[in-house]
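Per-entry structural report
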Amino acid sequence: MDAVGEVFVADTGRQEILRVDSAGEAMVIAGISSTPGFSGDGGAAESALLNFPWDVAIGPGGLLYVADLENDRVRLLTPQTAQPAPFATISVLNAASLAPGPVAPGTLLAVRGTGIPAADAPDTVILINSIPVPILAMDDTQIQVQAPFTLATPDDAQIVIVHQGNIAAMVNVHTAVAAPALFPIDPKAVSVAPRAQVSLFGTGLGLGDLPVTATIGGVDANVSLDPFPGYVGLFRIDLSVPPAATPGIASVVVTVGGVASQAGVNITILAQ
């Protein structure tokens, strides 16, 4: 039973999951009657095949978990809502550049326009391609999450926001093997001489198996990167300022798998 008194039933013999509302009306919300099988993940629950659904449990945000016995699986059932989802209000941004664009495996994302207050974080769940992802930070304007590393490319990904047991919004985003972005810095606070080392931070670098290059002020620079310990989805990018770099404000661009980071990230190069 959920918080509003609806009862969910795993009907093992009929291979279905039922919902009984407060008026006693029952409806099938998952599975096809008397048809065992294993299919339909990521699609309409009513078209999915179950094989001996044994039990059902209500998780955070109203998500339903089904013990699909003969398939040796716990299946995730996303609740539905009769209200239309406000697709147009949702924006999914790279958390570093705060710009829209494709999503790469492991990217930190800022989801804006949900209208969900931060106080409702315990009753909010975000799924990316049916995978629940943890909320890393949330305020009244945005929710920060990390795209799963299992994100399939080049297919689009579906992001579903569940609030208090109902789907509050859905949006599809393009995916890519890499979508690098650097966190902005104050160039006056990062002043370095040629041949010195400088460290920046970014996200969207993919699985870490793609070629990486960098330029500082348009000049090739040696670069290395590593996941930053203790910070989910964050990479530390270490660069060596090239000796030929011109003193003054210089742009930093990191390219991963042929995809360049955004413009506008600058450092100050000191005269030798």
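Attention in this report is confined to the structure presented alongside it.

What counts and how
- Residues numbered from 1 in each chain as written.
- Predicted model: local features only at pLDDT ≥ 70, side-chain atom pairs only at ≥ 80, totals over all residues.
- Heavy atoms only, no water.
- Helix = DSSP H or I, 4+ residues; strand = E, 2+ residues; numbered from the N terminus.
- Rg over C-alpha atoms; globule rule 2.2 N^0.38 Å.
- Buried < 20%, exposed > 50% of the residue type's maximum accessible area, 1.4 Å probe, protein only.
- Pairing = 2+ DSSP bridges.
- Axes fitted to C-alpha atoms, helices over the stretch in contact; angles between N-to-C directions.
- Core = buried A, V, L, I, M, F, W, Y, C linked by side-chain atoms within 4.5 Å.
- Contact = heavy atoms within 4.5 Å.
- Phe/Tyr/Trp six-rings, centres within 6.5 Å; stacked < 30°, edge-to-face > 60°.
- 1 Å grid on protein atoms, 1.4 Å probe; cavity = no way out; pocket = protein on both sides within 12 Å on 5 of 7 lines; lining within 4 Å.
- Points joined across faces, edges and corners; volume = space filled by probe spheres on them.
- Nonpolar A, V, L, I, M, F, W, Y, C, P; charged D, E, K, R; others polar.

Our next topic: the overall build of the protein chain. Looking only at helices and strands, one finds 0 helices and 23 strands in the protein chain. On C-alpha atoms alone, the protein chain measures out to a radius of gyration of 23 Å, which is more than a quarter above the 19 Å that the 2.2 N^0.38 rule sets for 272 residues. Dimensions of the protein chain, computed from the C-alpha atoms along their principal axes, are close to 80 × 35 × 30 Å. By the burial criterion, 42% of the 272 residues in the protein chain qualify as buried.

Looking now at the sheet that holds strand β1 (residues 7–11). Overall, antiparallel pairing links the 3 strands, which are arranged β1-β2-β3 in an open sheet. On the outer flanks of this sheet lie β1 and β3 (26–30), each paired with one strand and no other. The sheet shows a mean angle of 35° between the axes of neighbouring strands, taken without regard to direction. The sheet contact formed by strand β2 (residues 16–20) and β3 spans 4 bridges and is antiparallel. Residue pairing in the sheet places arginine 19 in a bridge with methionine 27 of β3.

What follows deals with the pairing of strand β11 (residues 135–138). Pairing analysis gives 3 bridges linking β11 to strand β12 (residues 142–146), with the strands arranged antiparallel. The residue bridging isoleucine 135 from the neighbouring strand is valine 145, located in β12. Here β11 folds back onto β12 in antiparallel fashion, the turn holding 3 residues.

To continue, consider the nonpolar core. In summary, soluble globular proteins display a tendency toward joint burial of nonpolar side chains. Judged by nonpolar contacts, the single largest core of 23 residues is most densely connected at Val198, Ile216 and Leu239. Elements with a contribution of two residues or more to this core: β17 (197–203), β18 (212–216), β19 (219–227), β20 (235–240), β21 (248–256) and β23 (266–269). Top element by residues in this core is β21. It accounts for 4 residues. Once residues lying within four places of it in the same chain are set aside, the contact partners of isoleucine 216 are Ala221, Leu239, Ser240, Val241, Pro242, Ala250, Ser251, Val252, Ile267 and Ile269. Within the second largest apolar cluster, 20 residues are counted, among which are Val92, Ile128, Ile143 and Val173.

Moving on, we come to the sheet that holds β12. Strand order across the open sheet formed by 4 strands is β7-β8-β12-β11, with antiparallel pairing between neighbours. For this open sheet the edge positions go to β7 (91–94) and β11, each flanked by a neighbour on one side alone. With direction set aside, neighbouring strand axes in the sheet form an average angle of 25°.

For the rest of this paragraph, the subject is the pairing of strand β5 (residues 64–68). Burial along β5 is one-sided: the face carrying Leu64, Val66 and Asp68 is buried and the face carrying Tyr65 and Ala67 is not. The sheet contact formed by strand β4 (residues 53–58) and β5 spans 5 bridges and is antiparallel. Within β5, the residue paired with alanine 57 across the bridge is tyrosine 65. Two successive antiparallel strands, β4 and β5, enclose a turn made up of 5 residues, where glycine 61 displays a positive phi of approximately 70°. Sheet analysis places β5 next to strand β6 (residues 73–77), joined by 5 bridges and oriented antiparallel. Across the sheet, residue tyrosine 65 finds its bridge partner in β6, namely leucine 76.

What follows deals with the environment of alanine 168. Here alanine 168 is to be found in strand β14 (residues 166–173). In sequence terms alanine 168 and threonine 114 are 54 residues apart; their C-alpha atoms lie 7.4 Å from each other.

What the rule picks out here adds up to 3 aromatic pairs. Residues phenylalanine 52 and tryptophan 54 carry aromatic rings whose centres are separated by 5.9 Å and whose planes lie at 15° to one another, so their mutual orientation is stacked. Of the residues examined, phenylalanine 52 reaches a relative accessible area of 31% and is grouped as partly exposed. When the centroid spacing of 5.3 Å and the interplanar angle of 35° are considered together, the rings of phenylalanine 228 and tyrosine 231 count as tilted. A relative accessible area of 25% places phenylalanine 228 in the partly exposed class.

Further remarks concern the layout of surface pockets. As a volume, the largest pocket reaches approximately 550 Å³. If you trace the largest pocket, you find 25 residues lining it, with Gly42, Gly43, Leu76, Thr78 and Ser130 closest to the centre. Elements with a contribution of two residues or more to the lining of the largest pocket: β6, β13 (157–163) and β14. Per-element accounting of the lining of the largest pocket gives the leading share, 4 residues, to β6. Classifying every residue of the lining of the largest pocket by side-chain character gives 14 nonpolar, 8 polar and 3 charged.

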